[in-house]
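Per-entry structural report
Residues per chain are reported as follows:
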Amino acid sequence: MNVVPGKGNAMTAERKSPKSRLHVPHPPARPGDTPDFSYVKISPAGAVERPDVMARTRDIEDLATQLVRVLNDEHRTVGPWNPHLDVHDLQVGLRYMLTTRLLDDRMQRMQRQGRISFYMRCFGEEAVSVAQAMALRPDDMLFPHYRNQGLHIARGRSLVDLMCQCLSNTRDMCKGRQMPVFYHWRSGNIFSISGNLATQFPQAAGWAMAAAIKGEDRIASTWIGEGSTAEADYHYGMTFAAVYQAPVVLNVVNNQWAISTFQGFAGGERRDFAEGAHGYGFPGIRVDGNDFLAVYAVTQWAAERARRGGGPTLIEHVTYRAGPHSTSDDPSRYRPKDEYKLWPLGDPVERLKQHLIVLGEWSEDRHVVLAKELEAYVTDSWKESLAAGQMNEGPRLDRNSMFDDVFKELPEHLRKQREQLEHEGQEEDK
Amino acid sequence: MAQMNMIQALNSAMDAMLGRDPSVVLLGQDIGYFGGVFRVTDGLQRKYGEHRVLDAPIAEGGIVGAAIGMGVNGLRPVAEIQFADYVYPAFDQIVSELARLRYRSAGEFHAPVTVRMPTGGGIRGGQTHSQSPEGIFTHISGIKVVMPSNPYDAKGLLISAIEDDDPVVFFEPKRIYNGPFDGDPNKPAVPWNAHPKGEVPENYFKVPLCKAEIVRPGNDVTVIAYGTMVHVVEAAVRITGVDAEIIDVRTLVPLDVETLVESVRKTSRCVIVHEATRFSGFGAELSATVQEECFWYLEAPIQRVTGWDTPYPHAFEWEYFPGQKRIANALRAVMEAR
């Protein structure tokens, strides 16, 4: 038996209350506890200065520790970060966020009914994807993670396309090869989602390097959860973006929870994720991720900086994962059930709605009408999607297609295997 | 003895080891407070404290790298990779470090690390939750590779793996966590308590590494398999009525060549089955070994039954999976060959 000599090691530690010096991060509240978000530092709305987009990193380091907010408690815009969006854009933003939420709710229910195998909602985080897609140019390239469905919605993708992917049916963009939500959209400039975490970070840096090499003014943007910043790929992406001053907007969506792992386990206990950028030599901005206008404004700032040759920016979106990690997760096992109700930055849809109401450009009635319209859109889209096939009924993709795209051209050994599968299928039909 | 499914058996193995050896520590994502996404480590942090069962950041390379450091400093770490599909960020730490540490330091350093990971498909996991990468690891010199096919072996082999002073990569076929699966997805799930190997001693016991098991004795053909495929092979043998000798490899490296060779010399025919892709898969190694040792005894070419050489497709899981029919075809082919 191996025993480590000396005091304070794992061996001599008492159960439950270890005496060793090893620090183990603890979330402030577990199931049954009162939620406690006192660790979330919140600046007053409008309090953070907006520097010139080409400012030196050293001069703007406080952007990483404050919290950029535009909407105040009275739902009005305040301060220098106000992007001064016109009413139409605000209403469109609200529509996209609500569409995203209603799509998510429907697909979650369809998973529960066994119609799709899996789903991941972005409940509570809708502002991140929607505001950012709107602040970036349509030809900017997006490298999403798996909770960015709002990017597709805000770039005008039909719900049928997304639903058919989740159904792995005959209209599935992935041809049945990927689990639900791992979308891609070449013509919409949205990259293919991997199930593996953080891989998109260096890829986005590389895409942006290529844009710079080619002399284009397109930029890239990418997203990662705060938990995945522990992966090496995150640090590769940060390093390459910094070394080559790549025109890329790097986003850490800090939704506090990575399945059961709270943000302290990714290094969030003693510093803000945005601060991490300073070690690499580029700016970090910490933003209220549930404030549509603030997210829009910081994205616009970072995008302009990148386009003008100022290099990368890291944006930390402070938000909360209001739902389970996925349909396979049960958060009541590891966090208080009512935590989201007490999240101090509220709900992104509700906050933009209230802002429009304060402006006199929206009302509860109009909201109900919009929700009804979008529900009908979701329902119609789902019906249309089902007609293209379901997991266990209706039309199916040609099973031989599973051998396509392994390589550009089918090699001999795969042709033989396809023949063997065809033979198995014929036996079945007999 | 108790009735256990594979999850409970693995949990019981780690419980036994944490209890008897204070140098054993577990680390991995979501394994502590939450008890693991498949519940394999449920309750162990509560019982042994959070310095013995550590929640880890999402960093597979970090988990294995830290486990190596702990191992060098006298602990006996059991690292969990949440899905085998996510082991690749840790690949360098496993291949270049863990596997070679003893060799490159001429025996002065070693790290007795066990790396556990759920593996295999049939759970609608698509290309990122279904892979069987065991063949990649069997190609590396310096690590042992284990894959149990039932709760009894899962517990006994995991205890052996943890106690082993060499690094072990321990694959857990997740399709059979809750019950043996015969390859027919339309049949209702069968729990482990209806299976003799669902009977598992509650206390410490070992199943030796490097020892294959004859699951079904027979005379006409030797079928070599491991993990989930052992159960699919049993079903395929039943439907074909062939008197097959089924061997569960259990430890892929170091391989129990003797048991395989003895069987094939008796039956003169051999079918090799695994769920992983075919090309350069572990089946190729098995086939080469059997050919080298049994060439003059063989009555027919050795057959391999495997997943196709494509990524695991979400929509065509059962067309991809080497099910009863594909195995039965191979059994018939090898029996008909002259």
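All values reported here derive from a predicted model rather than from experimental measurement.

Across its full length, chain A carries 11 helices and seven strands. Its C-alpha radius of gyration of 23 Å places chain A within 12% of the 22 Å reference for a compact globule of 430 residues. Here chain A holds 430 residues, and the buried ones make up 49% of them. When contacts within chain A are restricted to residue pairs at least 6 apart in sequence, those whose partners lie at least 24 apart make up 75%.

Let us look at the domain arrangement of chain B. Interfaces are often sized by the amount of accessible area the parts lose when they come together. All names here are of chain B. Domain boundaries assigned for chain B yield domain 1 (2–200) and domain 2 (213–336). If you average the C-alpha positions of domain 1 and of domain 2, the two centres end up 25 Å apart. Listed per partner, the contact involves 30 residues of domain 1 and 29 residues of domain 2. For the side of domain 1 that touches domain 2, the elements supplying multiple residues, two or more each, are α6 (134–138), β6 (144–146), α7 (151–163) and β7 (168–173).

Here we take up the sheet that holds strand β13 (residues 270–277) of chain B. Residue and element names in this part refer to chain B. Strands sit in the order β9-β11-β10-β13-β14 across an open sheet of five strands; the sheet is mixed. The open sheet terminates on both sides in strands that have one partner only, identified here as β9 (213–216) and β14 (303–307). Here the average twist between neighbouring strands, direction ignored, is 25°. As defined by bridge partners, β13 adjoins β14 across four bridges and the pair is classed as parallel. Its bridge partner lying in β14, V271 is registered against Q303. Its contacts with the sheet put helix α10 (residues 282–294) on β10 (221–225), β13 and β14, and the angle it makes with β13 is roughly 160°.

Formed by 193 residues in total, the largest nonpolar core has its most connected members in V248 and V298 of chain A together with V223, V233, V271 and L331 of chain B. With 11 residues, helix α8 (residues 292–307) of chain A is the single largest residue contributor to this core. When residues are assigned to domains, this core turns out to be shared by domain 1 (2–200) and domain 2 (213–336) of chain B, each giving three or more. Not counting residues within four places of it along the chain, the set of residues in contact with V298 of chain A comprises V68, I285, V287 and I315 of chain A. Judged by nonpolar contacts, the second largest core, of 21 residues, contains F118, L159, M163 and C166 of chain A.

Time to look at helix α9 (residues 257–267) of chain B. All names here are of chain B. Taken together, the buried positions of α9 are occupied by L260, S263, V264 and T267. For α9, the angular spread of the buried residues around the axis is 95°, confining them to a single face. Buried residues in α9 make contact with β10, β11 (244–248), β13 and α10. Phi turns positive, to about 70°, at S268, one or two residues after α9.

Take the confidence of the model for chain A next. Of the residues in chain A, 95% have a pLDDT of 70 or more, and the chain-wide mean is 94. For residues 1–15 of chain A, every residue scores under 50 in pLDDT, and the model assigns this stretch 35 contacts once sequence neighbours within four places are set aside.

A few words now on the interface of chain A and chain B. With 48 residues of chain A in contact, the opposing surface of chain B contributes 45 residues. Counting residues per element, the side of chain A that touches chain B draws most heavily on helix α11 (residues 412–429) of chain A, which supplies six residues. Classifying every residue of the side of chain A that touches chain B by side-chain character gives 25 nonpolar, 15 polar and eight charged.

Right, let's get into the environment of V87 of chain A. Residue and element names in this part refer to chain A. Mapped onto the elements, V87 comes out in helix α1 (residues 87–112). For V87, a count of 12 C-beta atoms within 10 Å translates into the label exposed. Counting along the chain gives 272 residues from V87 to L359, while the straight-line C-alpha distance between them is 8.7 Å. Setting aside residues up to four positions removed in sequence, V87 forms contacts with L359 and E361.

Moving on: the packing of helix α1 (residues 6–20) of chain B against α7 of chain B. All names here are of chain B. For the pair α1 and α7, the least separation of the axes is 8 Å and the interaxial angle reads 30°. Judged by the inter-axis angle, α1 sits roughly parallel to α7. Note on packing geometry: the crossing formed by α1 with α7 is right-handed. Facing α1, whose interface residues are M6, A9, L10, S12, A13, A16 and M17, α7 presents P151, A154, K155, L158, I159 and I162.

Thresholds applied
Residues numbered from 1 in each chain as written. Chains lettered and ligands numbered in written order. Predicted model: local features only at pLDDT ≥ 70, side-chain atom pairs only at ≥ 80, totals over all residues. Helix = DSSP H or I, 4+ residues; strand = E, 2+ residues; numbered from the N terminus. Rg over C-alpha atoms; globule rule 2.2 N^0.38 Å. Buried ≥ 20, exposed ≤ 12 C-beta atoms within 10 Å, placed from the backbone. Contact = placed C-beta atoms within 7 Å. Domains from an automatic or database assignment. Pairing = 2+ DSSP bridges. Axes fitted to C-alpha atoms, helices over the stretch in contact; angles between N-to-C directions. Core = buried A, V, L, I, M, F, W, Y, C linked by C-beta atoms within 7 Å. Arc of directions from axis to C-beta. pLDDT = per-residue confidence, 0-100. Nonpolar A, V, L, I, M, F, W, Y, C, P; charged D, E, K, R; others polar. Parallel < 35°, antiparallel > 145°, perpendicular 65-115°, else oblique. Left-handed = near helix turned anticlockwise from the far one by under 90°.

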